[in-house]
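# Descriptive analysis of the structure
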Amino acid sequence: MARILAVDDEPGILLIMKAVLGTQKHEVVSIQDGNKALEILDSDEKLDCMISDVRMDPVNGIELLQHAKKVRPSMPVIMVTAFYSNDASETARGMGAFGYISKPFKADELISLVKRATEPAKN
């Protein structure tokens, strides 16, 4: 079971993430505010992964990704967007994102990506 920080300005998306990932026994901390997400990232709260929407105001997902990589460099970050583009995906991955998923996402896609992000490295 992983503890996941989910950040999206759409409450419905957060509910879906919480429900889908809950079926896999993950604990989801859902936040609608990027500033609050920054506070959580800066805290000593245990987190195994972050999932963040790209387009949010006033703090967007790319800013959260950059901050997460500074303060929690080993934590995987998954980016979510309704406005998918190959360029944006490559930019996010180049900045250290573990993965990138488009809205609307399928439950099995999200589960698979989170599983790959949070499972221990196999030797």
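Residues numbered from 1 in each chain as written. Predicted model: local features only at pLDDT ≥ 70, side-chain atom pairs only at ≥ 80, totals over all residues. Heavy atoms only, no water.

### Here we look at the environment of Arg-55
Note that Arg-55 resides in the loop between strand S3 (49-53) and helix H3 (61-71). Linking Arg-55 and Asp-9, residues 46 residues apart in sequence, is a C-alpha distance of 8.5 Å. (Helix = DSSP H or I, 4+ residues; strand = E, 2+ residues; numbered from the N terminus.)

### Details of the side chain of Asp-8
For Asp-8, the location among the structural elements is in the loop between strand S1 (3-7) and helix H1 (11-22). Judged by relative accessible area, which is 0%, Asp-8 ranks as buried. The contacts of Asp-8, once residues within four sequence positions are left out, are Ile-13, Leu-14, Met-17, Ile-31, Gln-32, Asp-53, Met-56 and Lys-103. (Buried < 20%, exposed > 50% of the residue type's maximum accessible area, 1.4 Å probe, protein only. Contact = heavy atoms within 4.5 Å.)

### Some thoughts on the confidence of the model for the protein chain
Within the protein chain, residue pLDDT values average 90, and 89% of them lie at 70 or more. Element-level pLDDT for the protein chain is lowest in helix H4 (residues 86-94), with a mean of 64, against a maximum mean of 98 in S1. (pLDDT = per-residue confidence, 0-100.)

### A closer look at the sheet that holds S1
Spatially, the five strands line up as an open sheet ordered S2-S1-S3-S4-S5, and their pairing is parallel. The sheet terminates laterally at strand S2 (27-31) and strand S5 (99-102), the two strands that pair on one side only. Strand after strand, the sheet turns through a mean of 20° between neighbouring axes, direction not considered. Across five bridges, S1 lies against S2 in parallel orientation. Of the residues in S2, the one forming a bridge with Arg-3 is Glu-27. Packing against the sheet, helix H2 (residues 34-42) makes contact with S1, S2 and S3, and its axis sits at approximately 155° to S1. (Pairing = 2+ DSSP bridges. Axes fitted to C-alpha atoms, helices over the stretch in contact; angles between N-to-C directions.)

### Here's the deal with the pattern of salt bridges
Evaluation of the coordinates by the stated rule reveals seven salt bridges. Where Glu-27 meets Arg-3, a salt bridge forms, and the shortest distance between an N and an O atom there is 3.1 Å. Of this pair, Glu-27 sits in strand S2 while Arg-3 sits in strand S1; the two residues are 24 residues apart in sequence, bridging distant segments of the chain. Take Glu-27: its relative accessible area is 34%, and that puts it in the partly exposed class. (Salt bridge = Lys/Arg side-chain N within 4 Å of Asp/Glu carboxyl O.)

### As for H3
Restricting attention to buried positions, one finds in H3 the residues Gly-61, Leu-64, Leu-65 and Ala-68. Along the axis of H3, the buried residues cluster in a sector spanning 100°; they form a single face. (Arc of directions from axis to C-beta.)

### A short note on the nonpolar core
Ranked by size, the top nonpolar core spans 20 residues in total, and within it Leu-5, Leu-41, Met-50 and Leu-64 carry the most contacts. If you list the elements that add at least two residues to this core, you get S1, S2, H2, H3 and strand S4 (77-81). If near-sequence neighbours (up to four positions away) are discounted, Leu-41 is found in contact with Leu-5, Leu-47, Met-50, Leu-64, His-67, Ala-68, Val-71, Arg-72 and Met-75. Among the nonpolar cores identified, the runner-up in size contains 19 residues, and Ile-13, Leu-14, Cys-49 and Val-114 belong to it. (Core = buried A, V, L, I, M, F, W, Y, C linked by side-chain atoms within 4.5 Å.)

### A look at the packing of H2 against H3
Helices that pack against each other are described as a pair by the angle of their axes relative to one another and the distance between those axes. The contact between H2 and H3 brings their axes to 10 Å, and the two run at 10°. Taken together, the axes of H2 and H3 are roughly parallel relative to one another. Where H2 abuts H3, its residues Gly-34, Ala-37, Leu-38, Leu-41 and Asp-42 lie against Leu-64, His-67, Ala-68 and Val-71. Residues that form the contact of H2 with H3 fall into these classes: six nonpolar, two polar and one charged. (Parallel < 35°, antiparallel > 145°, perpendicular 65-115°, else oblique. Nonpolar A, V, L, I, M, F, W, Y, C, P; charged D, E, K, R; others polar.)

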